[in-house]
Amino acid sequence: MTETILITGANRGIGLELAHCFSRMEWQVFACCRQPESAAALVALERDYPQLVTLPLDVSAADQITALVQQLKQHPIDILFHNAGIFGPKNQAFGEVDEAWWLETFRINTIAPLKLTEALVENVAASQRRIVAAMGSQLGSLADNTSGGSYIYRSSKAALHMVVRSLAADLAPRGITSVVFHPGWVKTRMGGAGAQTEAAHSADALSRLLCQLAPADNGKFFSWKGHEIPW
Ligand SMILES: NC(=O)c1ccc[n+]([C@@H]2O[C@H](COP(=O)([O-])OP(=O)(O)OC[C@H]3O[C@@H](n4cnc5c(N)ncnc54)[C@H](OP(=O)(O)O)[C@@H]3O)[C@@H](O)[C@H]2O)c1
(Lines give C-alpha, C1' and ligand atoms only; values in the text may rest on other atoms or scores of the structure.)
Protein backbone atom coordinates (compact mmCIF):
# COMPACT_ATOMS: atom_id res chain seq x y z
CA MET A 1 0.00 0.00 0.00
CA THR A 2 1.23 3.52 -0.80
CA GLU A 3 2.47 5.38 2.25
CA THR A 4 1.77 9.02 2.88
CA ILE A 5 3.70 11.94 4.32
CA LEU A 6 2.39 15.44 4.90
CA ILE A 7 5.09 18.13 5.03
CA THR A 8 4.52 21.75 6.01
CA GLY A 9 6.61 24.51 4.45
CA ALA A 10 7.39 22.26 1.49
CA ASN A 11 7.95 24.97 -1.13
CA ARG A 12 11.63 25.62 -0.39
CA GLY A 13 14.57 24.71 1.80
CA ILE A 14 14.62 21.42 3.69
CA GLY A 15 10.85 20.89 3.30
CA LEU A 16 11.13 20.95 -0.48
CA GLU A 17 14.01 18.46 -0.40
CA LEU A 18 12.05 16.18 1.92
CA ALA A 19 9.15 16.28 -0.55
CA HIS A 20 11.60 15.29 -3.27
CA CYS A 21 13.07 12.40 -1.22
CA PHE A 22 9.70 10.88 -0.38
CA SER A 23 8.46 11.35 -3.95
CA ARG A 24 11.50 9.40 -5.19
CA MET A 25 10.53 6.62 -2.77
CA GLU A 26 7.08 6.64 -4.42
CA TRP A 27 5.22 7.85 -1.36
CA GLN A 28 2.10 9.94 -1.62
CA VAL A 29 3.33 13.41 -0.61
CA PHE A 30 1.03 16.14 0.62
CA ALA A 31 3.29 19.14 0.14
CA CYS A 32 1.81 22.06 2.05
CA CYS A 33 2.82 25.65 1.49
CA ARG A 34 1.48 29.15 1.97
CA GLN A 35 1.33 30.11 -1.70
CA PRO A 36 0.97 27.15 -4.07
CA GLU A 37 0.47 29.57 -6.99
CA SER A 38 4.04 30.79 -6.67
CA ALA A 39 5.65 27.52 -5.57
CA ALA A 40 7.47 26.91 -8.86
CA ALA A 41 9.77 24.18 -7.51
CA LEU A 42 6.78 22.21 -6.20
CA VAL A 43 4.91 22.58 -9.48
CA ALA A 44 7.96 21.13 -11.24
CA LEU A 45 8.07 18.21 -8.78
CA GLU A 46 4.36 17.60 -9.28
CA ARG A 47 5.00 17.14 -13.00
CA ASP A 48 7.60 14.44 -12.34
CA TYR A 49 5.79 12.75 -9.45
CA PRO A 50 2.01 12.48 -9.87
CA GLN A 51 1.74 11.22 -6.27
CA LEU A 52 2.82 14.64 -4.99
CA VAL A 53 -0.09 16.95 -4.29
CA THR A 54 0.44 20.59 -3.37
CA LEU A 55 -1.97 21.91 -0.76
CA PRO A 56 -2.39 25.45 0.58
CA LEU A 57 -1.52 25.87 4.24
CA ASP A 58 -0.38 28.78 6.32
CA VAL A 59 0.23 26.78 9.49
CA SER A 60 -0.81 29.68 11.71
CA ALA A 61 -4.22 30.09 10.02
CA ALA A 62 -6.95 28.11 11.83
CA ASP A 63 -9.38 28.36 8.89
CA GLN A 64 -6.80 26.86 6.55
CA ILE A 65 -6.19 23.98 8.95
CA THR A 66 -9.95 23.34 9.02
CA ALA A 67 -10.09 23.35 5.21
CA LEU A 68 -7.13 20.94 5.05
CA VAL A 69 -8.81 18.53 7.46
CA GLN A 70 -11.93 18.55 5.26
CA GLN A 71 -9.84 17.86 2.20
CA LEU A 72 -7.92 14.98 3.80
CA LYS A 73 -10.89 13.41 5.55
CA GLN A 74 -10.29 9.70 6.12
CA HIS A 75 -6.90 9.80 4.37
CA PRO A 76 -4.30 8.01 6.52
CA ILE A 77 -1.09 9.99 7.12
CA ASP A 78 1.89 7.79 7.99
CA ILE A 79 4.19 10.72 8.77
CA LEU A 80 2.99 14.16 9.78
CA PHE A 81 6.10 16.33 9.41
CA HIS A 82 6.07 19.79 10.96
CA ASN A 83 8.82 21.48 9.01
CA ALA A 84 7.56 25.06 8.52
CA GLY A 85 9.37 27.54 10.70
CA ILE A 86 10.80 31.03 10.90
CA PHE A 87 13.83 32.41 12.67
CA GLY A 88 12.14 35.69 13.52
CA PRO A 89 13.97 39.01 13.34
CA LYS A 90 17.72 39.12 12.75
CA ASN A 91 18.40 40.99 15.95
CA GLN A 92 17.34 38.97 19.02
CA ALA A 93 20.06 40.15 21.39
CA PHE A 94 19.53 40.87 25.06
CA GLY A 95 17.69 44.19 25.42
CA GLU A 96 16.50 44.16 21.79
CA VAL A 97 13.82 41.49 21.73
CA ASP A 98 10.69 42.58 19.88
CA GLU A 99 7.57 41.26 21.61
CA ALA A 100 5.31 41.19 18.54
CA TRP A 101 7.91 39.17 16.62
CA TRP A 102 8.28 36.82 19.56
CA LEU A 103 4.55 36.07 19.57
CA GLU A 104 4.48 35.59 15.78
CA THR A 105 7.44 33.20 15.94
CA PHE A 106 5.72 31.21 18.69
CA ARG A 107 2.54 31.03 16.62
CA ILE A 108 4.38 29.46 13.70
CA ASN A 109 7.13 27.40 15.37
CA THR A 110 5.38 26.21 18.51
CA ILE A 111 1.60 26.57 18.55
CA ALA A 112 0.93 25.59 14.91
CA PRO A 113 2.52 22.12 15.17
CA LEU A 114 0.31 21.31 18.16
CA LYS A 115 -2.87 22.65 16.52
CA LEU A 116 -2.14 20.81 13.27
CA THR A 117 -1.45 17.58 15.16
CA GLU A 118 -4.74 17.95 17.03
CA ALA A 119 -6.52 18.50 13.70
CA LEU A 120 -4.93 15.51 11.90
CA VAL A 121 -4.47 13.03 14.74
CA GLU A 122 -7.19 10.71 13.40
CA ASN A 123 -5.45 10.58 10.02
CA VAL A 124 -2.16 9.66 11.70
CA ALA A 125 -3.83 7.11 13.99
CA ALA A 126 -5.43 5.45 10.94
CA SER A 127 -2.07 4.93 9.19
CA GLN A 128 0.45 2.08 9.35
CA ARG A 129 3.46 4.01 10.68
CA ARG A 130 1.76 6.58 12.94
CA ILE A 131 4.55 9.13 13.22
CA VAL A 132 4.48 12.78 14.21
CA ALA A 133 7.83 14.50 13.60
CA ALA A 134 8.79 18.10 14.18
CA MET A 135 11.77 20.08 12.99
CA GLY A 136 13.30 21.34 16.19
CA SER A 137 16.75 22.80 16.51
CA GLN A 138 19.91 22.34 18.49
CA LEU A 139 19.49 26.05 19.24
CA GLY A 140 16.42 24.99 21.25
CA SER A 141 18.43 22.60 23.43
CA LEU A 142 18.67 23.84 27.02
CA ALA A 143 21.71 21.62 27.63
CA ASP A 144 23.53 23.02 24.59
CA ASN A 145 22.94 26.70 25.26
CA THR A 146 26.17 28.16 26.57
CA SER A 147 26.39 31.08 24.15
CA GLY A 148 23.07 32.84 24.84
CA GLY A 149 21.25 35.23 22.49
CA SER A 150 18.66 34.34 19.82
CA TYR A 151 15.99 34.60 22.52
CA ILE A 152 13.03 34.37 20.17
CA TYR A 153 14.12 31.45 18.02
CA ARG A 154 15.70 29.47 20.85
CA SER A 155 12.67 29.75 23.11
CA SER A 156 10.20 28.91 20.32
CA LYS A 157 12.10 25.73 19.49
CA ALA A 158 12.64 24.75 23.14
CA ALA A 159 8.87 25.11 23.61
CA LEU A 160 8.24 23.07 20.47
CA HIS A 161 10.45 20.35 21.92
CA MET A 162 8.29 20.36 25.04
CA VAL A 163 5.13 20.16 22.92
CA VAL A 164 6.50 17.02 21.27
CA ARG A 165 7.41 15.48 24.65
CA SER A 166 3.80 15.93 25.73
CA LEU A 167 2.54 14.52 22.44
CA ALA A 168 4.81 11.53 22.99
CA ALA A 169 3.12 10.84 26.32
CA ASP A 170 -0.44 11.68 25.26
CA LEU A 171 -0.47 9.87 21.92
CA ALA A 172 1.54 6.77 22.84
CA PRO A 173 -1.63 4.90 23.86
CA ARG A 174 -2.81 5.33 20.26
CA GLY A 175 0.43 3.83 18.94
CA ILE A 176 1.72 7.19 17.69
CA THR A 177 5.47 7.85 17.82
CA SER A 178 6.40 11.53 18.27
CA VAL A 179 9.94 12.78 17.72
CA VAL A 180 12.00 15.93 17.16
CA PHE A 181 14.80 16.31 14.60
CA HIS A 182 17.67 18.77 14.27
CA PRO A 183 18.52 18.98 10.55
CA GLY A 184 22.10 20.24 10.96
CA TRP A 185 23.23 23.72 9.94
CA VAL A 186 21.72 23.75 6.50
CA LYS A 187 22.19 26.01 3.45
CA THR A 188 18.71 27.48 3.08
CA ARG A 189 17.27 30.98 3.30
CA MET A 190 17.21 30.48 7.08
CA GLY A 191 20.57 28.75 7.47
CA GLY A 192 22.38 31.11 5.09
CA ALA A 193 24.99 30.53 2.41
CA GLY A 194 27.74 29.88 4.97
CA ALA A 195 25.97 26.82 6.43
CA GLN A 196 27.73 23.46 6.45
CA THR A 197 25.21 21.13 4.86
CA GLU A 198 23.26 21.08 1.60
CA ALA A 199 19.50 20.87 2.07
CA ALA A 200 19.29 17.78 -0.16
CA HIS A 201 21.91 16.00 1.96
CA SER A 202 20.13 16.80 5.23
CA ALA A 203 16.74 15.79 3.81
CA ASP A 204 18.13 12.53 2.47
CA ALA A 205 19.51 11.62 5.92
CA LEU A 206 16.30 12.70 7.65
CA SER A 207 14.14 10.65 5.30
CA ARG A 208 16.17 7.53 6.08
CA LEU A 209 15.85 8.17 9.82
CA LEU A 210 12.11 8.75 9.47
CA CYS A 211 11.69 5.43 7.69
CA GLN A 212 13.60 3.60 10.46
CA LEU A 213 11.67 5.04 13.42
CA ALA A 214 10.25 2.53 15.87
CA PRO A 215 7.91 2.93 18.87
CA ALA A 216 11.00 2.80 21.15
CA ASP A 217 12.04 6.16 19.65
CA ASN A 218 8.95 7.89 21.00
CA GLY A 219 9.78 11.18 22.76
CA LYS A 220 13.38 11.42 21.50
CA PHE A 221 15.35 14.29 19.96
CA PHE A 222 17.59 13.19 17.07
CA SER A 223 20.21 14.94 15.02
CA TRP A 224 20.14 14.39 11.26
CA LYS A 225 23.13 12.10 11.79
CA GLY A 226 20.99 9.81 13.90
CA HIS A 227 22.39 10.39 17.38
CA GLU A 228 20.29 11.63 20.28
CA ILE A 229 20.65 15.28 21.34
CA PRO A 230 20.24 16.23 25.01
CA TRP A 231 17.13 18.32 25.59
N1 LIG B 1 18.54 25.79 8.05
C2 LIG B 1 19.03 25.43 9.23
O3 LIG B 1 20.26 25.49 9.46
C4 LIG B 1 18.11 24.93 10.31
C5 LIG B 1 18.68 24.50 11.52
C6 LIG B 1 17.84 24.00 12.52
C7 LIG B 1 16.48 23.94 12.31
N8 LIG B 1 15.94 24.36 11.14
C9 LIG B 1 14.49 24.27 10.97
O10 LIG B 1 14.18 23.57 9.78
C11 LIG B 1 12.92 23.98 9.26
C12 LIG B 1 13.05 24.33 7.78
O13 LIG B 1 13.94 25.44 7.68
P14 LIG B 1 14.74 25.83 6.36
O15 LIG B 1 16.15 25.96 6.75
O16 LIG B 1 14.36 24.95 5.24
O17 LIG B 1 14.19 27.32 6.19
P18 LIG B 1 13.60 28.12 4.96
O19 LIG B 1 14.31 27.80 3.70
O20 LIG B 1 13.56 29.52 5.44
O21 LIG B 1 12.12 27.53 4.81
C22 LIG B 1 11.14 27.76 5.77
C23 LIG B 1 9.84 27.19 5.25
O24 LIG B 1 8.82 27.41 6.23
C25 LIG B 1 7.73 28.01 5.59
N26 LIG B 1 6.89 28.81 6.47
C27 LIG B 1 7.24 29.86 7.27
N28 LIG B 1 6.16 30.34 7.89
C29 LIG B 1 5.10 29.58 7.50
C30 LIG B 1 3.73 29.58 7.79
N31 LIG B 1 3.17 30.46 8.61
N32 LIG B 1 2.94 28.63 7.20
C33 LIG B 1 3.48 27.74 6.35
N34 LIG B 1 4.76 27.69 6.01
C35 LIG B 1 5.57 28.61 6.59
C36 LIG B 1 8.35 28.85 4.47
O37 LIG B 1 7.35 29.19 3.53
P38 LIG B 1 7.34 30.62 2.73
O39 LIG B 1 8.17 30.39 1.50
O40 LIG B 1 5.89 30.83 2.42
O41 LIG B 1 7.92 31.66 3.64
C42 LIG B 1 9.37 27.86 3.96
O43 LIG B 1 8.77 26.91 3.13
C44 LIG B 1 12.48 25.16 10.14
O45 LIG B 1 11.56 24.71 11.11
C46 LIG B 1 13.78 25.59 10.80
O47 LIG B 1 13.55 26.25 12.05
C48 LIG B 1 16.72 24.86 10.13
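Up top you'll find the structure we're talking about.
Worth saying up front: this structure is predicted, and the values here are computed from it rather than measured. (Residues numbered from 1 in each chain as written. Predicted model: local features only at pLDDT ≥ 70, side-chain atom pairs only at ≥ 80, totals over all residues.)

## A word on the pairing of strand E5 (residues 131-135)
- Burial analysis of E5 places five of its five residues in the buried class, which makes it a mostly covered element.
- A two-sided burial pattern is seen for E5, the buried positions comprising Ile 131, Ala 133 and Met 135 on one face and Val 132 and Ala 134 on the other.
- Pairing geometry for strand E4 (residues 79-82) and E5, over four bridges, is parallel. Residue pairing for E5: Phe 81 is matched across the bridge by Ala 133.
- Of the crossover connections in this fold, the one passing from E4 over helix H4 (residues 99-125) to the parallel E5 is right-handed.
- Across five bridges, E5 lies against strand E6 (residues 177-182) in parallel orientation. (Buried ≥ 20, exposed ≤ 12 C-beta atoms within 10 Å, placed from the backbone. Helix = DSSP H or I, 4+ residues; strand = E, 2+ residues; numbered from the N terminus. Pairing = 2+ DSSP bridges. Right-handed = clockwise from strand over helix to strand, strands pointing away.)

## So, the nonpolar core
- If you look at the biggest cluster of nonpolar residues, it comprises 53 residues, and the most contacted ones within it are Ile 7, Leu 18, Ala 19, Val 29, Ala 31 and Ala 133.
- By residue number, the principal contributor to this core is helix H1 (residues 13-24), which donates six residues.
- Ignoring anything within four residues of it in the chain, the contact list for Ala 133 reads Ile 79, Phe 81, His 82, Val 179, Phe 181 and Leu 210. (Core = buried A, V, L, I, M, F, W, Y, C linked by C-beta atoms within 7 Å. Contact = placed C-beta atoms within 7 Å.)

## Focus: the sheet that holds E5
- Ordered by their spatial adjacency, seven strands build an open sheet running E3-E2-E1-E4-E5-E6-E9, and the pairing between neighbours is parallel. The outermost strands of the open sheet, each flanked by one partner alone, are strand E3 (52-56) and strand E9 (221-223). When the angles between neighbouring strand axes are averaged without regard to direction, this sheet yields 20 degrees.
- Strands in contact with helix H5 (residues 151-171) are E5, E6 and E9; relative to E6, the strand with the most contacts, it is inclined by about 160 degrees. (Axes fitted to C-alpha atoms, helices over the stretch in contact; angles between N-to-C directions.)

## Digging into the site of the ligand
- Around the ligand lies a shell of 30 residues, among which Gly 9, Gly 13, Gly 85, Thr 188 and Gly 191 are the nearest.
- Among the elements that make up the shell around the ligand, the one with the highest residue count is H1 (three residues).
- Partitioning the shell around the ligand into residue classes produces 13 nonpolar, 13 polar and four charged. (Near = placed C-beta within 6 Å. Nonpolar A, V, L, I, M, F, W, Y, C, P; charged D, E, K, R; others polar.)

## Some points on the pairing of E6
- Across the six residues of E6, six count as buried, placing the element largely inside the fold.
- The alternating pattern of E6 places Thr 177, Val 179 and Phe 181 and Ser 178, Val 180 and His 182 on opposite faces, both of which are buried.
- In this fold, E5 hands off to H5, which returns the chain to E6; that crossover is right-handed.

## Some points on the packing of H1 against helix H2 (residues 40-48)
- The contact between H1 and H2 brings their axes to 11 Å, and the two run at 5 degrees. One way to sum up the angle between H1 and H2 is to call them roughly parallel. When H1 is examined against H2, the residues Leu 16, Ala 19, His 20 and Ser 23 are found in contact with a partner set consisting of Ala 41, Leu 42 and Leu 45.
- Considered class by class, the residues forming the contact of H1 with H2 number five nonpolar, two polar and no charged. (Parallel < 35°, antiparallel > 145°, perpendicular 65-115°, else oblique.)

## Quick look at the environment of Ala 100
- Along the polypeptide, Ala 100 turns up in helix H4.
- Distance in space between the C-alpha atoms of Ala 100 and Asp 78 is 35 Å, their sequence separation being 22 residues.

## Structural notes on H1
- Helix length check: H1, at twelve residues, gives a terminal C-alpha distance of 17 Å against a target of 16 Å (1.5 Å per residue), a fit within 8%.
- With eleven of twelve residues buried, H1 lies mostly within the body of the structure.
- Buried within H1 we find Gly 13, Ile 14, Gly 15, Leu 16, Glu 17, Leu 18, Ala 19, His 20, Cys 21, Phe 22 and Ser 23.
- Positioned one or two residues after H1, Glu 26 has a phi angle of 70 degrees, which is positive. (Expected span 1.5 Å × (residues − 1).)

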